[in-house]
Amino acid sequence: MKTEKLLVISDIHGALDGAKALLDAIDTHNPDMILCLGDVLYHGPRNDLPASYAPKKVIEIMNSLSPKIIAVRGNCEAEVDQMVLNFPVTADYNIIPFEGRRIFMTHGHVYSPAHLPRLNENDIFLSGHTHIPTAEKKDGVYLLNPGSISLPKENHPASYGLIDENGFTVYRSDHTVYMHIDLK
């Protein structure tokens, strides 16, 4: 059985450069699905306005990908975002089966590595929100964060993640490996 490739993106915040980097990552990796961890269109009051802020153009790109997107609500999503996006963005979390375990995907503002839901050993907790990439196993659970494709923080590069048969890899927006963890 073929292992699925799951491209993981978070915190685009309406930046056209981030959405274009997502398209480039799709061309590079040809994923089966895109897991979007929220904060798609709005930059939020705590973030600077992205240099390439163009939410209407981001809407076009994201809607063109909607058949492949599974998304969750970020802390910057609003009801009006759901009105313009062709995929659901209102759930605080989603659970996806993956190779005999569960991926619990969430933005990170309700559930977080400091406030985990009930998970089984070797399950995956996938979150964004911090804009800081993470790939670690703690107390038997994988804590994974792709960072932010548009507004990285603490001197990390713009990044996205990929879950596949090799594990979880965080890539810089230029597709070079930034960090990796084996999920076996």
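For the structure, check the block above.
Residues numbered from 1 in each chain as written. Predicted model: local features only at pLDDT ≥ 70, side-chain atom pairs only at ≥ 80, totals over all residues. Heavy atoms only, no water.

Visitor: Mind showing me how you'd approach the packing of aromatic side chains here?
Guide: Each pair of aromatic rings is reported with the distance of its centres and the angle of its planes. Per the counting criterion, the structure on display carries five aromatic pairs. Seen from their ring centres, Tyr160 and Tyr171 are 5.5 Å apart, and the 20 degrees between their planes marks the pair as stacked. Here Tyr171 lies in strand 10 (residues 167-172) and Tyr160 lies in strand 9 (residues 159-164), a separation of eleven residues in the sequence. What makes Tyr160 buried here is its relative accessible area of 1%. Members of the aromatic cluster, each reached through a chain of ring pairs, are Tyr93, Phe104, Tyr111 and Phe125. (Phe/Tyr/Trp six-rings, centres within 6.5 Å; stacked < 30°, edge-to-face > 60°. Helix = DSSP H or I, 4+ residues; strand = E, 2+ residues; numbered from the N terminus. Buried < 20%, exposed > 50% of the residue type's maximum accessible area, 1.4 Å probe, protein only.)

Visitor: How do you make sense of the environment of Leu162 when you look at a structure like this?
Guide: Mapped onto the fold, Leu162 is located in strand 9. Since its relative accessible area comes to 2%, Leu162 is described here as buried. Measuring from C-alpha to C-alpha, the distance between Leu162 and Lys184 comes to 15 Å, with 22 residues separating the pair along the chain.

Visitor: I'm lost on the sheet that holds strand 7 (residues 134-138) in this one. Help?
Guide: Strand pairing in a sheet is mediated by backbone hydrogen bonds. Such pairs are either parallel or antiparallel. Pairing within the open sheet is mixed, and its five strands lie in the order 4-5-6-8-7. Both edges of this open sheet fall to strand 4 (93-98) and strand 7, since each of them pairs with a single strand only. Going from strand to strand, the sheet's axes swing by 20 degrees on average, the running direction of each strand aside. Bridging between strand 7 and strand 8 (residues 141-145) involves five bridges; their strand directions are antiparallel. Each bridged residue has a counterpart across the sheet, and for Glu136 the counterpart in strand 8 is Leu143. (Pairing = 2+ DSSP bridges. Axes fitted to C-alpha atoms, helices over the stretch in contact; angles between N-to-C directions.)

Visitor: Please clarify how helix 2 (residues 55-64) should be interpreted in this entry.
Guide: Along an α-helix, residues three or four positions apart point the same way, because every turn accommodates 3.6 residues. Within the sequence span of helix 2, burial applies to Val58, Ile59, Ile61, Met62 and Asn63. Considering only its buried residues, helix 2 is in contact with helix 1 (16-29), strand 2 (33-36), strand 3 (69-71) and helix 3 (79-84). (Contact = heavy atoms within 4.5 Å.)

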